[in-house]
Amino acid sequence: MSKIKRAAIMGRVSSDEQAKGYSLDVQIDALTGYCVRNNIEIVYTFKEDHSAKSFDRPAFKEFLRFAKSNKGKIDLLLFTSWDRFSRNTADAYEMLGVLKRLGIEPQATEQPIDLSIPENKAMLAFYLAIPEIENDRRSIKITGGIKGALKEGRWVGAIPRGYCRVREQNGKTQMIPNSDAPMIKRLFMWIEDGFNQQECIRMAMDQFGYKIDKTRLSILLRNPLYVGKILIKGDLNCTDQLIDAKHEAIVNESLFFAVQERLNIASQHSNRVKATTKDEALPLRGIYKCHHCGNNLTGSASKGKSGRGYYYYHCNHCKQLRVRADYANLVIENVLREIELTQNAERVFEKIMKKYFNGSAAERARKKEIHSKQLAETEKRIKNLEELFLDRSLSIEEFRSLKDSLDKDKKKQRDEIIKLEEDRSSVDQKIKNAIKLSKGIRELYLSLDVHGKSKLLCSIFPERLEIENGKCRTPSLHPALLLVLRCAKGSENKKAGNLTDNLQISRRVEPEGVEPSSNQGSRKVSTCLFAN
């Protein structure tokens, strides 16, 4: 007796497709009937009303979460046609891979394809590409229609405040000023008279009950629609154009451009030099955290009685921690001095590095094989596409669209293969450089600017540091560094969690020994700390 297949069924419709026979209920009824006729059990049903240009669709995301948490319980994802699944060829192929890894076979009941037959993949490409071509063609027509209307002087976007839309006798729409127009003109006049925008907002509210915020007011005052002009954004072939509109202006040109001049002057005065977010005296801002509340420490300078400036790290959340910056900076320098490699640790570190690079080589070979197979498949699809075009099964537009997509895939796959084939002859030199830098980690730290110091410390300490009683404490440490410290310092301080005189592993986390725990098997030693 054959196994009963279990399926999720999907109905999708975009807002402009409701009247074209694609209603959700019709699709779900058709899919349900298909499952009954073919003895398929329905385990999940979902409906969508989003565009298929991408898979950033709430209902589809919810389906994926269900499928991942119930892996092996869904065999099929059924929909009526492939344009219900996706209208983006590249995204569709990526999602097919995701579903395959979940053990789910997508299938269109009205356009069935046996994907186990290689030749059928050309038909799949056709089914997926045609909806995308339709979308692109529709988008070009809509864009052309909008640009044509704008060039005629007709505004087709959102109606700005002060106007309303009416329909003319010829059936076309037009904008006319409404009851808010006098207030709009008054705003322009106030700016010309020298009032700033905040004062204009207050006067509009006090005198007319007209509520507007500063952002909307700035946009309003810059809008050329109020002077009877339309701005058409340019592209690669032409520049921006300001053309006369057919609607009535609310303000005259002299008033409008006088206001623009005042706004430009005000904008220039407001462009002050901003203070840098990083201070050389506070390189550990964002590295240290408060041991009272767990939030990151910030830093600032304050003047003493002598007028001299002193820098402090402090917590702006609980207000319970304040540490002299020069003292806290010295503590981290002492930690870096203590984690420099000893002779015994150097040998262990060298073995770790060699093991890492050997593992990386095997991984690169595996990835190269995968990309090579994908490249061969892409080249085969290009050949099949050319045959379809020569047989006049595809128009020139369809052929070019599909060919461009496949050529991009081909280039990407070739680039990945070239990247993976890079010469590994410099591995030994990289290891030597890593050991050399590790011996002088404190000197390296001191030679870096504030951004470099922050980056180096973040690569060493996966979690933020706490400072208390002149020592640093952290919940976890980079696994490679942890192994090196165990070998360098021995295990006499392991129970206390002391790695060095100035560095401790927090008691909240059980520290690891030299032998990595089973749940660390997937972690690999990183060389981002040391390698050039």
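Structure first, text after, so check above.
What counts as what
Residues numbered from 1 in each chain as written. Predicted model: local features only at pLDDT ≥ 70, side-chain atom pairs only at ≥ 80, totals over all residues. Heavy atoms only, no water. Salt bridge = Lys/Arg side-chain N within 4 Å of Asp/Glu carboxyl O. Helix = DSSP H or I, 4+ residues; strand = E, 2+ residues; numbered from the N terminus. Buried < 20%, exposed > 50% of the residue type's maximum accessible area, 1.4 Å probe, protein only. Pairing = 2+ DSSP bridges. Axes fitted to C-alpha atoms, helices over the stretch in contact; angles between N-to-C directions. Expected span 1.5 Å × (residues − 1). Patch = residues over 30% accessible without salt bridge, like charges linked within 9 Å, V, L, I, M, F, W, Y side chains within 5 Å. Areas by Shrake-Rupley, 256 points an atom, 1.4 Å probe, with all protein chains shown as cover. Contact = heavy atoms within 4.5 Å.

Q: Describe the pattern of salt bridges, and please don't skip the residues or the numbers.
A: Within this structure, the stated rule accounts for 16 salt bridges. A salt bridge links Lys373 to Glu369; the shortest N-O distance between them is 3.7 Å. Highlighted residues: Lys373 and Glu369, both in helix 11 (residues 343-390), separated by four residues, approximately one helical turn. Take Lys373: its relative accessible area is 57%, and that puts it in the exposed class. Taken together, the salt bridges that share partners define one network made up of Lys229, Asp244 and Glu253.

Q: Describe the sheet that holds strand 4 (residues 105-108), listing the residues and the values that go with them.
A: Strand order across the open sheet formed by four strands is 2-1-3-4, with parallel pairing between neighbours. Every other strand in the sheet has two partners, leaving strand 2 (41-48) and strand 4 as the edge strands with one partner each. Between one strand axis and the next, the sheet turns through 25° on average, direction left out of account. Here strand 1 (residues 6-12) runs beside strand 3 (residues 76-79); their pairing, made up of three bridges, is parallel. The residue bridging Ala8 from the neighbouring strand is Leu77, located in strand 3.

Q: Tell me about helix 6 (residues 181-192), and name the residues and values.
A: Given a rise of 1.5 Å per residue, twelve residues ought to cover 16 Å, and the 17 Å separating the end C-alpha atoms of helix 6 matches this to within 8%. A positive backbone phi angle near 105° is found at Gly194, which sits one or two residues after helix 6.

Q: Quick rundown of a nonpolar patch on the surface? Include the residues and the values.
A: Residues Leu231, Leu242 and Phe257 make up a contiguous nonpolar surface patch of roughly 270 Å² in combined accessible area. For Phe257, the position within the fold is in helix 9 (residues 253-270). Note on Phe257: relative accessible area 41%, which makes it partly exposed.

Q: Could you give me a rundown of the sheet that holds strand 10 (residues 298-303), with the residues and numbers involved?
A: An order of 10-11-12 is seen for the three strands of this open sheet, with the pairing classed as antiparallel. Strand pairing shows two members of the sheet lacking a second neighbour, strand 10 and strand 12 (322-324), which therefore form its edges. Strand-to-strand twist of the sheet, defined as the mean angle between neighbouring strand axes without regard to direction, takes the value 35°. Of the strand pairs in this sheet, strand 10 and strand 11 (residues 309-314) are connected by six bridges, and their pairing is antiparallel. Among the inter-strand pairings, Gly299 is bridged to a residue of strand 11, identified as Tyr313. Strands strand 11 and strand 12 of the sheet are contacted by helix 10 (residues 325-338), whose axis makes an angle of about 75° with strand 12.

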